[in-house]
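# Structural characterization, general
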Amino acid sequence: MAEPELEPAKKAKKWNRRLSWIWTEYSVIIAFLILFVASSILSPRFLEFSNLMNILMQVSIIGVIALGMTMIMLSGGIDLSVGSVLALVGVLTVIALNASGSIFIAIITALAVGAFTGFLNGFMVAKLKIAAFIATLGMMAAARSIALYTSDGGSISGEVDGFSAISNSSIGAIQSPIFIFGLMAVLVFILLQQTRFGRYVYAIGSNEKGALLSGIRVDRIKIAVYTLAGMLVSVAAIIETSRLNSISSSSSGQLYELDAIAAVIIGGTRMTGGRGKVIGTLFGVLILGILNNMMNLMNVSPYLQGFVTGLVIIIAVVFQKKE
Amino acid sequence: MAEPELEPAKKAKKWNRRLSWIWTEYSVIIAFLILFVASSILSPRFLEFSNLMNILMQVSIIGVIALGMTMIMLSGGIDLSVGSVLALVGVLTVIALNASGSIFIAIITALAVGAFTGFLNGFMVAKLKIAAFIATLGMMAAARSIALYTSDGGSISGEVDGFSAISNSSIGAIQSPIFIFGLMAVLVFILLQQTRFGRYVYAIGSNEKGALLSGIRVDRIKIAVYTLAGMLVSVAAIIETSRLNSISSSSSGQLYELDAIAAVIIGGTRMTGGRGKVIGTLFGVLILGILNNMMNLMNVSPYLQGFVTGLVIIIAVVFQKKE
Amino acid sequence: GDEEATGEGEDGEGTEDSDLTIGISLPSATHGWMGALIDHAETEANEISENKGIDYVMTNAEDPNEQANDVDDLISQDVDALVLLPIESAALTPAGQNVADADIPLVVVDRELENDAADVVVTGDNEGIGYNAGQYLIDQLDGEGDVVEITGPPNSVTEQRSAGFEEAIEDEGGIEVVASQDGDFSTETSLDVMQNVLQAQDNIDAVYTQDDGMAFGVLQAIEEAGREDVQYITGAGGETETYEHIEDEDSLITATFLYPPFMSEEGIRLAADLAQGEDPEEEEVLLEATEVTDENADEHYEDASF
Amino acid sequence: MTMSSLLSMEHINKSFNHVPVLKNASINVEHGEIHALLGENGAGKSTLMNILGGLHHPDEGDIVLDGQTVEMTNHRTSQSYGISFIHQELNVVSDLRVYENMFLGAELKNQFGFVKVEEMCKRTNEILTQLGVNIYPKAYVRHLDTSYKQMIEIARALLHKSRLIIMDEPTTALAEHEVHRLFALMKNLKQTGVSIIYISHKLKEIEAVCDTYTVLRDGKIVGSNRMKHDHLDEITKMMVGKSVSDERLTESHPFGQTALEVKNLTREGFFKDINFTVRQGEIVGFTGLAGDGRTELFESLYGFRKKYNGQIKIFDRVVTINHPKQALKAGMGLVPKDRKENAIIKDLNVIQNMSLSSMAHFEKAGFIRGKAERERFNFYQRKLNIKVPNPRTTIDKLSGGNQQKVVIAKWLEVNADIIIFDNPTQGIDVGARREIYQHIVSLAAQGKAVIILSSEAPEIRKVCHTIHVMYQGEVTAQFDGEEATDDEIMSYATGSKRGR
Ligand SMILES: Nc1ncnc2c1ncn2[C@@H]1O[C@H](COP(=O)(O)OP(=O)(O)OP(=O)(O)O)[C@@H](O)[C@H]1O
Ligand SMILES: Nc1ncnc2c1ncn2[C@@H]1O[C@H](COP(=O)(O)OP(=O)(O)OP(=O)(O)O)[C@@H](O)[C@H]1O
Ligand SMILES: [Mg+2]
Ligand SMILES: [Mg+2]
C-alpha cells in the first residue's frame, strides 16, 4: 500500500545517486563547462573556430606530456624531469637530423632518448627505490645540463626540409599536433583501461604490496610506465621542435612539469596513485589552456596571471567531490 | 665452557648491530663525511675557515626553509610555495620597513605574512582536503604574482639604517645568519622530538586515520605545521632581505622549494611522511652547500653543474640504507 | 700593491707572478640570450687563459642570494679581478661593496650596481631598446597605429625595456598599445601568446617584442593566422637569424635593437687588464641599443653570434 | 620423510635482527589434509609461512615439496609451485574492482591482449556464490566491508588451482555463518586433494575443520599430531604452557549511575532508532553479522563520523561530539577494529604508540618525559604480557597479537569512563584473549562503563552483563548476558527473528 508513495521518493533517490556519481567521476568536466561558458560570455572571440583550434594547438604539447604523467601518477610516482628531457630530446633530435639529413633517423633518435631517460627514471624508482620526486629531480638537473652542454647553451635549428612539416601540416581542418595529441590520448586510454598493463598500473598505485603479493612484477611495470612516459615526452619534443624548427636548450620545456602535473591533478587523478582517468587529464589540460587563452584575450596584466592561474587550479580541485 | 669462545663473537655481533643501526639512522652523515673528505682533498681552499664559514652562511637561508619543510614532509605534506612566499614576504617586509621606518614593524610584518600564507596552505590541505602538492602549487603562483604586482615586477631596497645589520653582523666569529639557522634548528628539533606536537606530526604522517582515532586534532596540527613552516620562511626572508638590503619580486626565491625538498629527502625523511629527523635535514642542507661551493672552487663548467648536482643527490639517496 | 695583498698566505710553492685568476659571476642560462652571453664569456676566458695564462673561475646563480654567495666564494678565493652580471642590481649592491672592500677590481656587466663599487661598467641600454623601438615604430607608422607589446617575464630588464618604449610613444598620441603580454623570452610561449592576442585584436599595425627569439614566435603566429594588417615586428638583441629576416624583403621582422651578448667578452677583457694591474681606460662602456634595419644589417652581421 | 608427504619444512631457523624467531622448526603436511598451525601470538607461525611463501628466507633449513628440495627465491616461485597464500593482513587493492582483484596478476586476455572483462566477472561470480557471498563483481573494493574484503582474498586463493593453500587467520573478520561456508568449501577442496595449512586462534574452528595440527611455541615445535576431539585442552596447554579455563568471567555486581544514554540515534543508511544505556560497572555487548551497522554506530558516537540525529547523554549531560578528541574529553574512548588501518601508527615505536592518546600524562612543562613513558610501558608489558624484543622498535615489527595488546594498553592508559572495544581480540591467542577479557572485566569492576562489539557471540557472552543484537542497522534484541544462548542470538542476528 505504501508503494505508490514510495515510488517517487525512490526515483528521486536514484537520480540523486546518479547525479552524485556523475559529479564524483566527472566533476572536472563540470568545472570545464563552467569555465567554457564563462569564457564565451566574457569574450565574444572565444568561441570562434580559429580560437578553439588555437587552444587545442597550444595544449597539444603539454597534453601529450600530461598523458604520460597520468600513467606515472596513477602508479604512485611523479616525474619532474619532463621539461628538461623535452629540451634534451629536442637538442639531440635536431643534431641527429642535421647530421643525418633524415627525418626518420631524427624521430628514432627522439624516441630513443626519451625512452632511455624514462627508463633511467624508472630504474631509479623501481630498482634503486629512490623516491620518484628526488630521482626525477636529479634527472631534471642532469638532462637540462646535458642539453645545455651539447648545444653550448644556445638554441639550434633544423636544416632539413620537411622536418617542420610534421607539426605545421593539417589533416582537414585539424592541425597535426592536435591530431597527434588525440591519437596518443586514445592509445593511452586503451592501454590503461583495456589491457592488463593498465590494470597493474592502477593496482601498484593503490596498494603496491598487495600488487606484489598478487604476483605482479611491480618493478618491471614501473620501469615500463616511466619509459612509456619518456617516449610521450619524445613525441611532445618532436611536436615542439618541428613546430618552430628549432629548440632552445635553455628555455624550452621550462616548468612544463608543473603544468603537466597540475593538469593531471585538476583532472582528478590522486596524488598518491591508484585513482584517476585519462579523460580527466584531457579536461585538466583544456582548463589550463582556456585559462591562458582567456588571460591573453582579455589582456590581463602578466603580473596577475599567476594569481589567476593559482586560484583557478585550487578552485577546480576544491570543486572535486571528496569522499 | 664455551663462554670464552663465544665472547668475541658476541661482541662482534653487538658491534655489527650497532654499526648497522648507525648506518640506518645516520647514513646521511656518512655521505656527508665522504663528501667532506673528498672536498678537502680536491681543493686546498676548501678547509679554510673563511670558506667553511661561507658555506654555512650560504646554506643558512635554504636551511631555515628546509627545517619547516621537514615538519611539513613528516606530516605527509609538501610545500612548493616557499620560494614565492619568501619573495612575497621580502617585498611586503621592505615596504613595511620603508613606510614605517621601524625594523620591529618590518619583522612583525614578515612573520605575519609568512604565518598567514602558511595558514592558508594548511587550511587548504587540512580543511579543503586539497592535495598538498596542488594547494601549494597554487600558492606558489599566487604569492609570486602578488609580489610582482606590489613591486611592479622589480626589486625594492630597504631605506632604513640598521635593517641590513640583522644579517650582516657577527657574534664572535659567527655571522648572524648562521647563528639564526642554528637557533631555529634547535627549536625545531626540540619541537619535534620533545613535545607532544612533534609526536603528533609523526603520527599524522604515518597513519592519519589512526591518529584521528587516537583523538588527535589532525586538522589543527596540520594547519599549525604549515603555519610554523610559513614563519620559518619569514625568518629566511628576513635573513635574505637584510643580507642584500633588497628583494627582487621576480628572481628571489626561485627554485628554493626544490633545494629545500632535496635537502630534506637527502636527509632521510620519507616522502610520504612519518619518518625522518631534523638532524638528517641539517646534513642534507650541508651536502648541497658543499656541492655548490666545490663546483665553484673547482670551476666546473656551468652547463655541467646541473649534471653533477643531480648525480650527487641521487647517489646520496641511494646510499641510504633501504629496508 | 694589489698583487702582494692577494699573494699573502701559504700558497707560496710553485706560485708565479703571472698566476692570476679572474672570477666570473653570472646568472644561469634560463634563456637564449643569457646562454649566449655565458658562452661568449667562457670562450673569451679560455682564450685569455691560453694567451695570457690568466685562469678564471666561473659561477652561475639562479637567484640573487645564490649569486651573493657565489661572490663571497670568489672573494675568499682571492681572485685578482671579478666580472659580475648582477641578477638584480639592488640585491647585488652589497656584494659588490664586499668586492670593493676586499680590494678586488670589479667589472660589472649588463646591469649597474646602485653604488660605485664597480671599477668599470659594461652595459647595454635596456631603456634604449624600448625607446629606439618606439621611435622606429612612430617613424614607420607615421605616428599612428595599434601596437602590441610582447614582454619578457617580469623582471627589471623587462621593466626597463617597457619603460623606454612607453616613454617614446607617450609623446605621440597616435600610437596605442592594444595589448601587452608576457612571452617569457621564449619562442614557443610567444607563438602561443601571439596567437591569442591576434584572436582578440582586429587590427594590429606593429608588434614590439623585447627579444629576437620572441619575434620569431610572433612572426610565425601572424603568418599562420594569415593576417595582413601587421606590418612591422621589432626584436631586441641581435641574433644571426634576425638579420636574415631583416634583409629578407618579405619578412615582417624589420628591425632589431642591439643588446649584444658579447658584452661579456668585453667585460672579461677589461677584467684581465685590471688583474694585471692596468688602469681602466674608461669607467663606463655603454654598448648602444643601435637600431639595425636592412640599411645597416650587413655591418652587424659579422658580430652576431647566436 | 615419506614419499606421500606434500610438504615438509625441516629444521628451519630464522632470526630477525639477531633475535631468533624460529628455532629448528619443522612441519609436515600430507596431500589432502587440513593442517592446523597453532601457537601463541608471536610464536612464529606467520614467519614460518612467510618462509614457505618466499617472503622471508630461512637462515637454515630446507623446504621439501613432493620429495624435492626447493628454493623459495621469492613469492612468485612459491606461487609457481602451486602454493596460494592468504595473508594475515589484508592485501586487497582497494581502488580496483572486485573481479580485478580476483584476477590480479592472472588476467584473462583475448588474442589482442585486451582483458576479457565479462568472462572474469562471470568466474568471479561463480566463486563468490560458492562462498555464499553476493557482491557485484564490478563494485570497487574500497566500498566493501572488511569481511567482504577477506572473502575476496579467500576467493582469490581458490581461483588459482593450488596444491596447497596457506590461510593465516582468514576468519578474524568473518561472521559465523561465513565461517561455516568457508569450512564447507575447505572440506570440498580437501576431497580434491588440495592441502590447506590453517592458522587460527579460534580453537573451536580448529576442532571443526582440521585433521592434523602442529603447535609452535617461542619458535620451537612442541607437538604435532592428528586432531582428536579431546585434544583441545592439551593443545591449549601446549600453546600457552598452562591450561585456560572456559568459564564465565564476569560476576554480577551493583551498577553505578548511568554513564551513557543514547536516544533515537539515527544515521541515514547506516543505523536507525538506536536506544540504550550503559551504567558504571556494566559491560554491554553489541553483536550481529558483519555490516549490521554496529561499527558505524559507535564511530558516530565517538565523533569519527559526524552526521547523525538523536541525543547522546554522558552522565546526564547532553553532548555533541564531532571529533574523537571531544569524545575523549567527554570521557569516552574507542579501541578501533582493523588494527593495521586504524589503530597502530606503524612508524612510531611501541612506547610511543602506547602513550599517543594520553600525552598529557607524560608531559612536564610542555616537554615529553621519555622516562615516564618507558616506565608506564614496562607496567603494561608486565600486566598484559606483551612480547617485544625492544620497546623502541617500531610497532610493525611485532606479531599481530602483540600489536593488539599495545593498542589495548594505549586505551587502558587513557582511562576513560566509557570504553568501547571494537573487536578487541582480533587475532589474539586463547591465553591472551582471556587475559584481555579479564582486564576488561576488571575495568568494569573499577566502575568503568564498558561496551564490547564483536561478531563472536559465544565469546562476549562470557563477559557481558547485557547483550544487544543488531540486524541491518537496528537493535533487534536485548539479552541478559547470563541467560542468552548462542542459537538465540544467532537467530536475531541473521534476521530470522525480530523484535524482542
Ligand atoms: N593551531 C595551532 N597552532 C599552533 N599549535 C597548535 C595548534 N593547535 C594545536 N597546537 C599544539 O598542538 C598540541 C596538541 O593540541 P591539542 O589541541 O590536540 O591539545 P589538547 O590535548 O586538546 O590540549 P588542551 O587540553 O589544552 O586543549 C599542543 O601542544 C598545541 O599547543
Ligand atoms: N620483519 C620482522 N622484523 C623483525 N621482527 C619480526 C618481523 N616479523 C616478525 N617478527 C618477530 O617475529 C616473531 C614472530 O612473529 P610472527 O608474526 O611469526 O608471529 P605469529 O605466530 O604469526 O603471531 P600472531 O598469532 O600474533 O600472528 C615476533 O616476535 C615478531 O616480533
Ligand atoms: Mg601471525
Ligand atoms: Mg584541545
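Residues numbered from 1 in each chain as written. Chains lettered and ligands numbered in written order. Predicted model: local features only at pLDDT ≥ 70, side-chain atom pairs only at ≥ 80, totals over all residues. Heavy atoms only, no water.

Let us look at the overall build of chain C. Within chain C one finds 11 helices and 12 strands. The C-alpha radius of gyration of chain C comes to 21 Å, within 12% of the 19 Å expected for a compact globule of 306 residues. Seen along its three principal axes, the alpha-carbon backbone of chain C occupies a region of about 70 × 35 × 30 Å. Buried residues in chain C amount to 64% of all 306 residues. (Helix = DSSP H or I, 4+ residues; strand = E, 2+ residues; numbered from the N terminus. Rg over C-alpha atoms; globule rule 2.2 N^0.38 Å. Buried < 20%, exposed > 50% of the residue type's maximum accessible area, 1.4 Å probe, protein only.)

When helices and strands are tallied, chain A shows 13 helices and 4 strands. Whereas a compact globule of 323 residues would reach a radius of gyration of roughly 20 Å, chain A reaches 21 Å, a difference of no more than 12%. In terms of its C-alpha atoms, chain A occupies a principal-axis envelope of roughly 85 × 55 × 40 Å. Put simply, 79% of the contacts in chain A that link residues at least 6 apart link residues at least 24 apart. Of the roughly 12600 Å² of accessible surface on chain A, 68% is carried by carbon and sulfur atoms. In chain A, which carries 22 positive and 15 negative side-chain charges, the distance between the mean positions of the two groups comes to 12 Å. (Contact = heavy atoms within 4.5 Å. Areas by Shrake-Rupley, 256 points an atom, 1.4 Å probe, with all protein chains shown as cover. Lys, Arg positive; Asp, Glu negative; His and termini not counted. Charge placed at Lys NZ, Arg CZ, Asp CG, Glu CD.)

Let's shift gears to the site of ligand 2. Residues and elements named next belong to chain D. As a structural note, the neighbourhood of ligand 2 is formed by 18 residues, with Gly 42, Ser 46, Thr 47, His 201 and Lys 397 the closest of them. In the environment of ligand 2, an oxygen atom lies 2.7 Å from a nitrogen or oxygen atom belonging to the backbone of Gly 42. Contacts to ligand 2 include Lys 45, whose side-chain N or O atom sits 2.8 Å from an oxygen atom. For ligand 2, whose free accessible area comes to 640 Å², the fraction covered by protein is 84%. Mapped by element, the contributors of at least two residues to the shell around ligand 2 are helix H1 (45-52) and helix H14 (400-414). Considering each element in turn, the shell around ligand 2 owes the most residues, 3 residues, to H1. Residues belonging to the shell around ligand 2 are distributed by class as follows: 4 nonpolar, 10 polar and 4 charged. (Near = heavy atom within 4 Å. Polar contact = N/O pair within 3.5 Å; in protein donor to acceptor, adjacent residues only side chain to side chain. Nonpolar A, V, L, I, M, F, W, Y, C, P; charged D, E, K, R; others polar.)

Turning next to the coordination of the magnesium ion (ligand 3). For the magnesium ion (ligand 3), the full set of protein donor atoms is Ser 46 of chain D (OG) and Gln 88 of chain D (OE1), and the range of their distances to it is 2.0 to 2.1 Å. Here Gln 88 of chain D lies in the loop between strand S6 (83-86) and helix H3 (98-102) and Ser 46 of chain D lies in helix H1, a separation of 42 residues in the sequence. (Donors = N, O, S within 2.8 Å, 3.2 Å for Na, K, Ca; no water.)

With that out of the way, let us pick up the UniProt feature "transmembrane region" (unreviewed entry) in chain A. Sequence positions flagged by UniProt for "transmembrane region" (unreviewed entry) are, in local numbering, residues 21-43, 55-73, 80-97, 103-123, 130-150, 170-192, 278-295 and 301-319 of chain A. This span, residues 80-97 of chain A, is 89% helix and 0% strand, and a straight line between its end C-alpha atoms measures 27 Å. (UniProt positions renumbered as here; feature names shortened; annotations may be inferred.)

Let us now look at the side chain of Arg 294 of chain D. Residue and element names in this part refer to chain D. Tracing the backbone shows Arg 294 in helix H9 (residues 294-301). The exposure class assigned to Arg 294 is buried, which follows from its relative accessible area of 6%. Each residue touching Arg 294, except ones within four places of it in the same chain, is listed here: Phe 286, Thr 287, Gly 288, Leu 289, Leu 453, Ser 454, Ser 455 and Met 470.

By contact count, the dominant pairing among the 5 pairs of chains in contact is that of chains A and B. One thing to see here is that chain C and chain D don't touch, and their nearest C-alpha atoms sit 37 Å from each other.

Around ligand 1, a shell composed of Arg 196, Phe 197, Tyr 200, Arg 220, Ile 221 and Ala 224 of chain B together with Lys 325 and Lys 329 of chain D is seen. One chain alone does not account for the residues near ligand 1; they come from chains B and D. Within the contact set of ligand 1, an oxygen atom lies 2.7 Å away from a side-chain nitrogen or oxygen of Lys 325 of chain D. Lys 329 of chain D places a side-chain nitrogen or oxygen 3.1 Å from an oxygen atom of ligand 1.

Attention shifts here to the relation of the copies chain A and chain B. It takes a turn of 180° to lay chain A on chain B, together with a shift of 0.2 Å along the axis; the resulting RMSD is 0.1 Å. The superposition of one copy onto the other is thereby described by a two-fold rotation axis. Measuring from the rotation axis to each C-alpha of chain A, the shortest distance belongs to Thr 272 of chain A, at 4.5 Å. Interface overlap between copies is the fraction of interface residues in one copy that are interface residues in the other; for chain A against chain B it reaches 97%, indicating a shared surface. (Least-squares fit on C-alpha atoms with pLDDT ≥ 70 in both.)

A few words now on the nonpolar core. Burial of nonpolar side chains together is a common tendency in soluble globular proteins. Membership of the largest hydrophobic core comes to 192 residues, with the highest contact counts inside it found for Leu 86, Phe 133 and Ile 216 of chain A together with Leu 86 and Ile 216 of chain B. When residues no more than four places from it in sequence are discounted, the contact partners of Ile 216 of chain A are Tyr 200, Ala 203, Ile 204, Ala 211 and Ile 221 of chain A together with Leu 104 and Gly 105 of chain D. By size, the runner-up hydrophobic cluster in this structure holds 83 residues, among which are Phe 298, Leu 301, Val 319 and Ile 395 of chain D. (Core = buried A, V, L, I, M, F, W, Y, C linked by side-chain atoms within 4.5 Å.)

Facing 32 residues of chain A, the contacting portion of chain C comprises 27 residues. Together chain A and chain C conceal approximately 2400 Å² of surface at their shared face, both sides included; 40% is due to carbon and sulfur atoms. Inspection of the region where chain A meets chain C yields 2 salt bridges. Note that Asp 202 of chain C is salt-bridged to Arg 45 of chain A, the shortest N-O span being 2.2 Å. Linking chain A with chain C are 18 residue pairs in polar contact (both at pLDDT 80 or more), by the criterion used here. Listing elements by their share of the side of chain A that touches chain C, those giving two or more residues are helix H2 (49-74), helix H10 (218-244), helix H12 (278-297) and helix H13 (302-319) of chain A. (Buried area = accessible area lost by both parts, 1.4 Å probe. Salt bridge = Lys/Arg side-chain N within 4 Å of Asp/Glu carboxyl O.)

Okay, H12 of chain A next. All names here are of chain A. Taking 1.5 Å per residue, 20 residues should reach 28 Å; H12 reaches 28 Å between its end C-alpha atoms and fits that length. Among the 20 residues of H12, 17 are classified as buried, and the element is accordingly described as predominantly covered. With its phi angle positive at about 55°, Asn 299 sits one or two positions after the end of H12. (Expected span 1.5 Å × (residues − 1).)

Residues and elements named next belong to chain A. Here chain A averages 89 in pLDDT, while 91% of its residues score no lower than 70. Of all helices and strands in chain A, the one with the weakest mean pLDDT is helix H1 (residues 3-42) (72), whereas helix H4 (residues 103-126) scores best (97). Considering only residues more than four positions removed or in separate chains, one finds that residues 1-7, a stretch of pLDDT under 50, has 0 contacts. (pLDDT = per-residue confidence, 0-100.)

Okay, the interface of chain A and chain B next. A common way to express how large an interface is: the accessible area buried when the components associate. Across the contact, 38 residues belong to chain A and 38 residues belong to chain B. Here chain A meets chain B over a buried area of about 3100 Å², counting both sides, of which 86% is carbon and sulfur. At the boundary of chain A and chain B, one finds 0 salt bridges. Where chain A packs against chain B, one counts 6 residue pairs in polar contact (both at pLDDT 80 or more).

What follows is about the pattern of salt bridges. Enumeration over the complete set of coordinates arrives at 41 salt bridges over all chains. For the salt bridge of Lys 127 of chain A with Asp 219 of chain A, the shortest nitrogen-to-oxygen distance reads 3.4 Å. One end of the pair, Lys 127 of chain A, is in the loop between H4 and helix H5 (132-150); the other, Asp 219 of chain A, is in helix H10, with 92 residues separating them in the sequence. Using a relative accessible area of 44% as the deciding quantity, one classes Lys 127 of chain A as partly exposed. When its relative accessible area of 23% is taken as the criterion, Asp 219 of chain A is described as partly exposed. Across the pair Asp 95 of chain D and Arg 142 of chain D runs a salt bridge whose closest N-O atoms are separated by 3.1 Å.

Turning our attention to the sheet that holds strand S14 (residues 309-314) of chain D. Strands belonging to one sheet form pairs held by backbone hydrogen bonds; the direction of such a pair is parallel or antiparallel. Residues and elements named next belong to chain D. With respect to topology, 4 strands assemble into an open sheet ordered S12-S11-S14-S15, the strand pairing being antiparallel. Two strands close off the open sheet at either side, each with one partner strand: strand S12 (271-279) and strand S15 (317-319). Across the sheet, the axes of successive neighbouring strands diverge by a mean angle of 20°, strand direction being ignored. Examined bridge by bridge, S14 and S15 share 3 bridges and lie antiparallel to one another. Paired with Ile 314 across the two strands is Arg 317, which belongs to S15. In the packing of H9 onto the sheet, contacts are made with strand S11 (258-267), S12 and S14, and the angle to S12 comes to roughly 65°. (Pairing = 2+ DSSP bridges. Axes fitted to C-alpha atoms, helices over the stretch in contact; angles between N-to-C directions.)

Right, let's talk about the sheet that holds S6 of chain D for a bit. Residues and elements named next belong to chain D. Spatial ordering of the open sheet is given by S6-S7-S8-S3-S9-S10, a layout of 6 strands whose pairing is mixed. Edge strands, defined here as strands with exactly one partner in the open sheet, are S6 and strand S10 (220-226). When the angles between neighbouring strand axes are averaged without regard to direction, this sheet yields 15°. As judged from the 4 bridges shared by strand S3 (residues 34-39) and strand S8 (residues 195-199), these two strands associate in the parallel manner. Within the sheet, the bridge partner assigned to Ile 34 lies in S8 and is Ile 196. The strands touched by H1 are S3, S6, strand S7 (164-168), S8 and strand S9 (212-217); relative to S3, the strand with the most contacts, the crossing angle is about 135°.

Residue and element names in this part refer to chain C. Burial analysis of strand S10 (residues 253-257) places 5 of its 5 residues in the buried class, the great majority of the element. Note: strand S9 (residues 232-234) against S10, 2 bridges, orientation parallel. Residue Thr 234 lies in a different strand from S10, and its bridge partner there is Ala 255. Following the backbone out of S9, through helix H9 (residues 240-247) and into the adjacent parallel S10, one traces a crossover that is right-handed. (Right-handed = clockwise from strand over helix to strand, strands pointing away.)

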